[in-house]
Protein chains: 2
Amino acid sequence: MLLRERLAEAMREGIVTATGLIAHGRGEAYDYMMGERTTPSADEAERVAACHLLEAERPVLCVNGNAAVVAGKEIIELAKALPAKVEVNLFHRSAERMEKVISYMESLGDVEILGRKADAFIEGIASERAKCSSEGIGSADVILVPIEDGDRAQALVAMGKVVIAIDLNPLSRTSRTASVPIVDEASRAVRNITHYVNEFRQADRHVIIENFDKERALRSAVEEIKDFLTTAFDER
Amino acid sequence: MLLRERLAEAMREGIVTATGLIAHGRGEAYDYMMGERTTPSADEAERVAACHLLEAERPVLCVNGNAAVVAGKEIIELAKALPAKVEVNLFHRSAERMEKVISYMESLGDVEILGRKADAFIEGIASERAKCSSEGIGSADVILVPIEDGDRAQALVAMGKVVIAIDLNPLSRTSRTASVPIVDEASRAVRNITHYVNEFRQADRHVIIENFDKERALRSAVEEIKDFLTTAFDER
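Calculation rules
- The numbers attached to residues start from 1 for each chain and follow its sequence in the written order.
- Labels follow written order: the first chain is A, the first ligand is 1, and so on.
- This being a predicted model, a pLDDT of at least 70 is required before a residue's local features are given, and a value of 80 or more before pairs of side-chain atoms are given or counted; all residues contribute to the totals for chains, interfaces and linings.
- Note: side-chain values were computed over all heavy atoms of the structure, leaving out hydrogens and water.
- A pair of strands is considered paired only if DSSP assigns at least 2 bridges between the two.
- In this text, helices come from DSSP runs of H or I with a minimum length of four residues, and strands from runs of E with a minimum of two, each type numbered from the N-terminal end.
- We call two residues in contact when some of their heavy atoms are within 4.5 Å.
- For every element, the axis is a line fit to its C-alpha atoms; helices are fit only across the contacting stretch, and the angle between N-to-C directions ranges from 0 to 180 degrees.
- Handedness of a crossover is defined as follows: with both strands directed away from the viewer, a clockwise route from the first strand across the helix to the second makes it right-handed.
- The span expected for a helix works out to 1.5 Å for each residue beyond the first.
- Think of it in three bands: residues with accessible area under 20% of the maximum for their type are buried, residues over 50% are exposed, and the middle band is partly exposed, with areas taken using a 1.4 Å probe on protein chains only.
- In protein, a polar contact requires one atom able to donate a hydrogen and another able to accept it; more generally it is a pair of N or O atoms within 3.5 Å, and residues adjacent in sequence count only if both atoms are side-chain atoms.

A. Just the sheet that holds strand β2 (residues 85-88) of chain A, in detail. Residue and element names in this part refer to chain A. One open sheet accounts for 6 strands, arranged β3-β2-β1-β6-β7-β8; its pairing is parallel. A single partner strand is all that each edge strand has here, and the edge strands are β3 (113-114) and β8 (180-182). Relative to β3, β2 is paired through 2 bridges, and the arrangement is parallel. Note on β3: the bridge partner recorded for Glu87 is Leu114. Along the sheet, helix α4 (residues 65-81) contacts β1 (59-63), β2, β3 and β6 (142-146); its crossing angle with β1, the most-contacted strand, is approximately 160 degrees.

Here it is as structure tokens:
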């Protein structure tokens, strides 16, 4: 309930949009259907995500309005732990909203937030939404996109980047096209990735990365929802 | 997409709240998981709902901000077809918002909209949310509540009313406590109820009402979601 109030407040402040609130509601429903917990398949994807981020030369954590409100602090913590760059990248982009979301992220911790300078483009998507920073997304090799739209996830994969997407819908285009789809709530997911980043600093990360089977992980996420529905219905 | 823009506009006008937008998002996700169609179990519940409304002495159709935007026109059509009274009843009640939602409903058609005069109470719930009209909800025998909260649905059932609830989550308290839970999107559901109202004017409605098994209907709704997930995943 507290999070919903924070989102309502962020909407009044212009950080989150009306369609962002609706998207958050969709996430709530999917999360509910997975028992509001990190499922075993999500936990595995989060371990793999930590390995990719540790292996990266230029890791970037992407943030939009919803991600800032829902998991802003956790993203800052992950950026510090790696270290990685953080870049604000909005679906409904305007100079004013960019400034609001960047300032909000800056208020959460001592990490540089990219996004004010848009001197690069994500190839293959419409102009305003394609804008990004050459220092950040433009030159990243591994990118974490919490709560992303399918178009952009697909375009980033097409540019040869490893895309780690956090999306609660295992059937979405984002989940289907990401290199590592994480079907989990964003703040839990990022917190758990940070946990594994600290655990895997000395590990043989290539084995973990190579053993990851994206299709198997997504199928497990779907089965986890089905199992939850069966159990929850019988236990009502 | 058009509906999302209408909701964003309604939010700016004060008809819909931030939490209403989030609730709409939850509905979108459940609807998606049922294939965005009226499932066979929902269709059966809608037939039963039509029979109850035709049998009623004092049927009332309840409307909140979301229902007004999502299914306002359909509710007016159903009110005319029966006829039934329409009453605005808000979770986040204020005199100003009541006036806005009532005026909006009045703009949709020539049907009297109750709610301005709050001279009765729904027993057993907190004061502001309990307010209702003695002419409408207060004395209704059958009440349709699209997109209701669980508390109020339960309180209305406890008052001895037949409660027809439209809620896309088959596991919710509203679905569990309603006399006739309809697991379907509100505008589709109300349109289909109106269709059956016109079809069943001369029918033996008692047989249809008595054959309805609420638990079986909800179990079918859960199975319909599970089947959709399996099929949608394999067909991606």
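B. Summary view of the pairing of β2 of chain A. All names here are of chain A. When β1 meets β2, the two strands line up parallel, connected through 4 bridges. When the sheet's bridge partners are listed, Cys62 is paired in β2 with Glu87. In terms of handedness, the path from β1 via α4 over to β2 forms a crossover that is right-handed. Traced from β2 through helix α5 (residues 95-106) to β3, the parallel crossover comes out right-handed.

C. Geometry of helix α11 (residues 214-234) of chain A. Taking 1.5 Å of rise per residue, the 21 residues of α11 of chain A would be expected to cover 30 Å, and the 31 Å separating its terminal C-alpha atoms lies within 8% of that figure. Turning to α11 of chain A, its buried residues are Ala217, Leu218, Ala221, Val222, Glu224, Ile225, Lys226, Leu229, Ala232 and Phe233 of chain A. The inward-facing, buried residues of α11 of chain A contact α2 (18-33), α3 (40-55), α8 (173-177) and β8 of chain A together with α2 (18-33) and α11 (214-234) of chain B.

D. Looking closely at the side chain of Asp184 of chain B. All names here are of chain B. Secondary-structure assignment places Asp184 in the loop between β8 (180-182) and α9 (186-199). According to the relative accessible area criterion, Asp184 is buried, its value standing at 1%. At 2.8 Å, the side chain of Asp184 forms a polar contact with the side chain of Arg188. Apart from the residues within four sequence positions on either side, Asp184 is in contact with Arg37, Thr38, Ala42, Glu46, Ile166, Asp167, Leu168 and Ala189.

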